[in-house]
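Commentary on secondary and tertiary structure
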2 protein chains.
Amino acid sequence: MFSGALQDLVDELGALPGIGPKSASRIAFYILNAETADVDRLIAALSAVKQRVHFCERCFNVAEEPLCAICQDARRDQVLICVVEEPKDVLALERTREYHGLYHVLGGAIDPIGGIGPDQLHIKDLIRRVGAEPVEEVILATNPNIEGEATASYLSRTLRTLEIPVTRLASGLPMGGDLEYADELTLSRALEGRRSF
Amino acid sequence: MFSGALQDLVDELGALPGIGPKSASRIAFYILNAETADVDRLIAALSAVKQRVHFCERCFNVAEEPLCAICQDARRDQVLICVVEEPKDVLALERTREYHGLYHVLGGAIDPIGGIGPDQLHIKDLIRRVGAEPVEEVILATNPNIEGEATASYLSRTLRTLEIPVTRLASGLPMGGDLEYADELTLSRALEGRRSF
C-alpha cells in the first residue's frame, strides 16, 4: 500500500473500466509527477462532462443542450432515422459523411443474459417518434452480433405495425479484408447478400 | 468528434500513459453515466495527490509529510539502505515482509539512450546519506535489465571509494517457474550464482 492519498487515487482509477491495478498505479505516478496545470485540466474536463453533457431529449445522443447538435441542424434529412446502440455509433456513422438523416440511440442492445430487455432501451421513445415525426425510413444500425441482431429483429417486428419501411445495414466482407481470413458467418452473409455486378 | 466537453475529456484521458483513444472514449462514457458522487471521489483523489503527496526529503519515496512513513519509523534498521529505481519498487520489497532497513529511491535508472545520466537521478543524495548516516550495507535493488544493471554497476564503482559493503539482489530462476521456459540470460545467471545445497 502506498501512502493514503496515492493509494486512494490508485483505487479510484482501478474502478474505471479497462484499468487494472498495474495501469492504475502507473497513472497515479504519472499524475504525481505531472504539471499541476495538466491535472487541473483533467479535473475540469471530468467535472464539465458531469455538469454539461446530457442525453438529447429527442434521439438520446450526447448533447450539451436539450437537443443534440444533429437534432438542432435543420439541414439534416428529417424523414430518415438511423437506430444505433450507443452515441459512439453515431460518431462512426458521421465519420462516413454519407448519412444526412437523424439518429435514435437505444442506449444498448437487447441482452436477456445481461438482463437488458426492450424496456431498458429507448424503444418506446422510438415508436413515439415514428408515430409523431414525418419518418419515411428507419435504418437499423445495431451491431452485427447476437445482441444487435436480436434487437434489430425485435425492432423490425415492432415497427412493422406502423407500416414504415425498415432497412438493416448490409453485412458482408469488410473492405480491404481477405476472403481467406473471413469467418464463416461473415462469408455466408456476404454470399446471402450478393448483388449483381 | 463528440460534443465539446465530452471530447475534451476523451483528449485529457488519452494523454494519460497506457490509455489509447478507444479506452479514453470508453472511460469518458463511463464517467458520463457514473454517479456524480463517484466522479467527485475521483476528482478529490486526483487533487489530493497533487496537494498532499510529495517525495521524502531523505529517501525520495512518496510521502505526505517531509519524511516518508518508513524514514519516520524508528524501528527500521538504520544501518541498511536498499537502493531502488521507483517508489513502486519499495512497495514490492515491503510486500515480502523480509526487509526492515531503509530505502533510497533513485527516481529511475541510468539510460544514455533516453538521456538519463547519473545527474538526473538521486545518486549524489545517496552518496551524501552514506557519508552522513551510520550505514553498514548498501543493497542495490535496481531492475535486472540493461538500465538497472548499468545503474548498479555505476553505483558500486562510486560507493567503493566510501568503503561501505555493497550487495546486489540475486538473479536466477523465478520461484514456481520452469527451467524449460527460462531465457538463456536468466539461466546463465542462475548457474553463475549457484549455491551449495
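Residues numbered from 1 in each chain as written. Chains lettered and ligands numbered in written order. Predicted model: local features only at pLDDT ≥ 70, side-chain atom pairs only at ≥ 80, totals over all residues. Heavy atoms only, no water.

Quick look at the interface of chain A and chain B
Across the contact, 44 residues belong to chain A and 44 residues belong to chain B. In this assembly, chain A packs against chain B so that about 4,100 Å² is buried in total across both faces, 76% of it on carbon and sulfur atoms. Broken down residue by residue, the surface that chain A buries against chain B is led by Glu12, Leu46 and Lys50 of chain A, which jointly contribute 16%. At the surface where chain A touches chain B, the tally comes to two salt bridges. The residue Glu12 of chain A makes a salt bridge to Arg41 of chain B at a minimum N-O spacing of 2.9 Å. Taken together, chain A and chain B are joined by twelve residue pairs in polar contact (both at pLDDT 80 or more). (Contact = heavy atoms within 4.5 Å. Buried area = accessible area lost by both parts, 1.4 Å probe. Salt bridge = Lys/Arg side-chain N within 4 Å of Asp/Glu carboxyl O. Polar contact = N/O pair within 3.5 Å; in protein donor to acceptor, adjacent residues only side chain to side chain.)

Looking at the relation of the copies chain A and chain B
Mapping chain A onto chain B calls for a rotation angle of 180° and an axial translation of 0.0 Å; the resulting RMSD is 0.0 Å. The transformation just described matches what one would write down for a two-fold rotation axis. Taking C-alpha positions as reference, the residue of chain A nearest the rotation axis is Ile43 of chain A, located at 2.9 Å. Most of the interface of chain A is mirrored in chain B, where 100% of its interface residues are also at the interface. (Least-squares fit on C-alpha atoms with pLDDT ≥ 70 in both.)

Digging into the pattern of salt bridges
Inspection of every chain in the model, using the stated rule, returns 22 salt bridges over all chains. Residue Glu94 of chain A is joined to Arg76 of chain A by a salt bridge in which the shortest nitrogen-to-oxygen separation is 2.8 Å. A residue pair is termed long-range when its members are at least 10 positions apart, and Glu94 of chain A in helix α5 (residues 87–96) and Arg76 of chain A in the loop between α4 (69–72) and β3 (77–84) qualify at 18 residues. A salt bridge links Arg129 of chain B to Glu133 of chain B, with the shortest nitrogen-to-oxygen separation between them at 3.0 Å. For the pair shown, Arg129 of chain B and Glu133 of chain B are each scored as buried. Residues joined in a network through salt bridges with shared partners are Glu12 of chain A together with Asp38 and Arg41 of chain B. (Helix = DSSP H or I, 4+ residues; strand = E, 2+ residues; numbered from the N terminus. Buried < 20%, exposed > 50% of the residue type's maximum accessible area, 1.4 Å probe, protein only.)

Focus on the environment of Asp183 of chain B
Residue position: Asp183 of chain B is located in the loop between β6 (166–168) and α8 (184–192). Sequence separation between Asp183 of chain B and Leu173 of chain B is ten residues; the distance between their C-alpha atoms is 9.3 Å.

Re the sheet that holds strand β5 (residues 137–140) of chain A
Hydrogen bonds between backbone atoms are what pair the strands of a sheet, whose relative direction is either parallel or antiparallel. Residue and element names in this part refer to chain A. Reading across the sheet, the four strands line up as β4-β3-β5-β6 and stay open at both edges, with parallel pairing between neighbours. On the outer flanks of this sheet lie β4 (101–105) and β6 (166–168), each paired with one strand and no other. Adjacent strand axes in the sheet meet at a mean angle of 25°, parallel and antiparallel pairs treated alike. Sheet topology note: the β3/β4 ladder contains five bridges and is parallel. Pairing of Cys82 across the sheet is with Tyr103, part of β4. Contacts from α5 reach β3 and β4, with the element oriented near 155° to β4. Packing against the sheet, helix α7 (residues 146–160) makes contact with β3, β5 and β6, and its axis sits at approximately 165° to β6. (Pairing = 2+ DSSP bridges. Axes fitted to C-alpha atoms, helices over the stretch in contact; angles between N-to-C directions.)

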